[in-house]
Amino acid sequence: MTGMSMGVTAGGTAGAGGAGGTGGGRAPGGGVNLLALRSHNTALVLDLLREAGLDGMTRIKLAERTGLTPQAVSKITARLRADGLAAEAGHRRSTGGKPRTVLRLVPDAGHAVGVHVDRDALRAVLVDLTGAVVQETSRPVDLGAGAEAVVAAVGEAVGEVTPAGAGPGPGLVGAGVALPGPLDHTRGVLHRVTGFPEWDRYPLRAALTDRLGVPVVVDKDTNAAALRLAARSTARSFAYLHLGTGLGAGLVIDGTVHRGARTGAGEFGHQVLQLDGPPCTCGDRGCVEALCLAAVARGDLPEAARVLGAGAANLVALLDIDLVLLGGRTVMAADDLFVRGVAAVLDARARRESRGDTGVPVRIASGGERGVAEGAAELLLGPLFGRDV
């Protein structure tokens, strides 16, 4: 890693610098301070370089894509090269004059940690600036063991994937931590996590910031996964349904993760489908989560898929989304069965409502078991590239 120190505000998103991104960005210790670097224009250039990959992009093309003047792009890219964030990647022919220099992002100029804390397991990944995983670790964890034990486990896992240990190190943007909700994404405070009332009002972000010594962002597991998927998908509006030890949803509306006015959107598992159904750990009865998990427990996966499809059909009717993506360990253990089962319910609903022969597409989300952890890291990386998180 380089000696880069990237900043994140107390609210959990990267701060903005001055216009044009050409002001002082050198940190006192000699690294790069992204709080000063990440102006809107600099973020545009960085995002295009990230998108271009190893092929890179010329300054002229960067100017065309951003709408900035060639002079402004030259100043921004000169700073990025001086700070180790961009490098030359060869030359391309021009229609006249000397060949044009191609620039590319330097992936290992910075890193972020993503942590997925489930009810019974923990996974941590270290990703570079492109989002590629370079280190990974996993371990059992008991969310019911209490805050102190879980925070300690996160600290140990982060220490394993970061070369400098769990404390602040060169080039470490920070840590994104995703876990079951509901929680307050803005303040980093958990609410009454279903089945774990002892976590109610626990200031997780503050505790982890003290423990790790780096900026921390906290979000629901389903939101983190949806954020990662949104960055890799052309679909503008979709739902990510995660069935594992619990059931939740991440919603993307017009290309942006929808958290709601109180950051509580996506509590998909606790919509009531059966008024006199089995009790749910949330205190209600007949929730889609309770019905799904009961079917899974008795080995009736087709019924679990049918129930999940009924909940998904309600979501499609309510939000008119383009796509349903499925994930989580239970789904991944029988992915074809769940895709067929959910799609059958959506198709039947679409035919009844005369909306065509089929419902919205149903697919397995990319990312597998690492999807949530990678999305948690994107909570830190996204703002550096001008993306809403």
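Since the model is a prediction, treat every value here as computed from it, not as a measurement. (Residues numbered from 1 in each chain as written. Predicted model: local features only at pLDDT ≥ 70, side-chain atom pairs only at ≥ 80, totals over all residues. Heavy atoms only, no water.)

Q: I'm lost on the nonpolar core in this one. Help?
A: For soluble globular proteins, the rule of thumb is that nonpolar side chains tend to be buried together. Within the largest apolar cluster, 49 residues are counted, with the highest numbers of intra-cluster contacts made by Leu49, Leu80, Phe238 and Leu381. Considering every element that reaches this core, the biggest residue donor is helix H12 (residues 371-384), with eight residues. Counting residues in hydrophobic clusters, the runner-up holds 32 residues, among them Val117, Val141, Val151 and Val216. (Core = buried A, V, L, I, M, F, W, Y, C linked by side-chain atoms within 4.5 Å. Buried < 20%, exposed > 50% of the residue type's maximum accessible area, 1.4 Å probe, protein only. Helix = DSSP H or I, 4+ residues; strand = E, 2+ residues; numbered from the N terminus.)

Q: When you look at the packing of aromatic side chains in this model, what are you seeing that I'm missing?
A: Each aromatic ring pair is specified by the distance between its two centres and by the angle formed by the two planes. In total, this model carries one aromatic pair according to the counting rule given. On the numbers, 5.3 Å between centres and 90° between planes, the contact of tryptophan 199 with tyrosine 202 is edge-to-face. Classification of tyrosine 202 by relative accessible area gives partly exposed; the value is 23%. A cation sits over an aromatic face here: arginine 50 above phenylalanine 385, 4.4 Å from the ring centre. (Phe/Tyr/Trp six-rings, centres within 6.5 Å; stacked < 30°, edge-to-face > 60°. Lys NZ or Arg CZ within 6 Å of the ring centre and 35° of its normal.)

Q: Please clarify how unusual backbone geometry should be interpreted in this entry.
A: Leaving glycine out, the prevailing phi sign among residues is negative, and the prevailing peptide bond configuration is trans. Glycine 181 connects to proline 182 through a cis peptide bond whose omega is 5°. Relative to the helices and strands, proline 182 is located in the loop between strand E7 (172-179) and strand E8 (183-184). Of note, the phi angle at aspartate 254 is positive, near 55°, even though the residue is not glycine. The topology assignment puts aspartate 254 in the loop between strand E12 (247-253) and strand E13 (256-257). Located in the positive-phi region is aspartate 320, a residue other than glycine, with phi close to 55°. Tracing the sequence through the fold places aspartate 320 in the loop between helix H9 (301-319) and strand E14 (323-327).

Q: Can you help me understand the sheet that holds strand E3 (residues 100-105) in this one?
A: Paired through their backbone hydrogen bonds, the strands of a sheet run either parallel or antiparallel. Read from one edge of the open sheet, three strands run E1-E3-E2, paired in antiparallel fashion. Either end of the sheet is taken by a strand with one partner, and the two such strands are strand E1 (57-58) and strand E2 (86-92). Across two bridges, the pairing between E1 and E3 is antiparallel. Residue threonine 58 lies in a different strand from E3, and its bridge partner there is valine 102. Of the strands in this sheet, E1, E2 and E3 touch helix H2 (residues 40-52), which is tilted by about 90° from E3. (Pairing = 2+ DSSP bridges. Contact = heavy atoms within 4.5 Å. Axes fitted to C-alpha atoms, helices over the stretch in contact; angles between N-to-C directions.)

Q: I keep staring at the packing of helix H7 (residues 221-232) against H12 and nothing clicks. Help me out?
A: Think of two packed helices as two axes; the pair is described by the angle between the axes and how far apart they sit. The contact between H7 and H12 brings their axes to 7 Å, and the two run at 80°. As the angle between them shows, H7 and H12 are arranged roughly perpendicular. Within the contact between the two elements, H7 uses Asp221, Ala224, Ala225, Leu227, Arg228 and Arg232 and H12 uses Gly371, Val372, Glu374, Gly375, Ala376, Glu378 and Leu379. Considered class by class, the residues forming the contact of H7 with H12 number six nonpolar, two polar and five charged. (Parallel < 35°, antiparallel > 145°, perpendicular 65-115°, else oblique. Nonpolar A, V, L, I, M, F, W, Y, C, P; charged D, E, K, R; others polar.)

Q: Can you walk me through the environment of leucine 44 in this structure?
A: Mapping leucine 44 onto the fold places it in helix H2. Exposure remark for leucine 44: the relative accessible area of 29% places this residue in the partly exposed category. Once the C-alpha coordinates of leucine 44 and glycine 386 are considered, the two residues, 342 residues apart in sequence, prove to be 6.3 Å apart.

Q: How should I be thinking about the pattern of salt bridges in this particular structure?
A: Should the charged atoms of two oppositely charged side chains come close, the side chains can pair. Scanning the entire structure with this criterion turns up 20 salt bridges. Among the salt bridges present, the one from arginine 370 reaches glutamate 136, with a minimum N-O distance of 3.0 Å. In this pair, arginine 370 sits in the loop between strand E15 (362-364) and H12 while glutamate 136 sits in strand E6 (residues 133-140), placing the two residues 234 residues apart along the sequence. One continuous salt-bridge network, built from bridges that share partners, spans Arg123, Glu136, Arg228, Glu369, Arg370 and Glu374. (Salt bridge = Lys/Arg side-chain N within 4 Å of Asp/Glu carboxyl O.)

Q: Teacher, can you tell me more about helix H5 (residues 147-161) here?
A: At 3.6 residues per turn, the α-helix brings residues three or four places apart onto the same side. Its 15 residues place the ends of H5 21 Å apart at the C-alpha level, agreeing with the 21 Å of an ideal helix rising 1.5 Å per residue. The elements touched by buried residues of H5 are strand E4 (111-117), strand E5 (121-128), E6 and helix H6 (204-212). (Expected span 1.5 Å × (residues − 1).)

Q: Sorry, what's going on with the packing of H2 against helix H4 (residues 70-82) here?
A: For the pair H2 and H4, interaxial distance at closest approach is 10 Å and the crossing angle is 70°. For the element pair H2 / H4, the angle class is roughly perpendicular. Between H2 and H4 lies a crossing of right-handed hand. Where H2 abuts H4, its residues Asn41, Thr42, Val45, Leu46 and Leu49 lie against Ile76, Thr77 and Leu80. (Left-handed = near helix turned anticlockwise from the far one by under 90°.)

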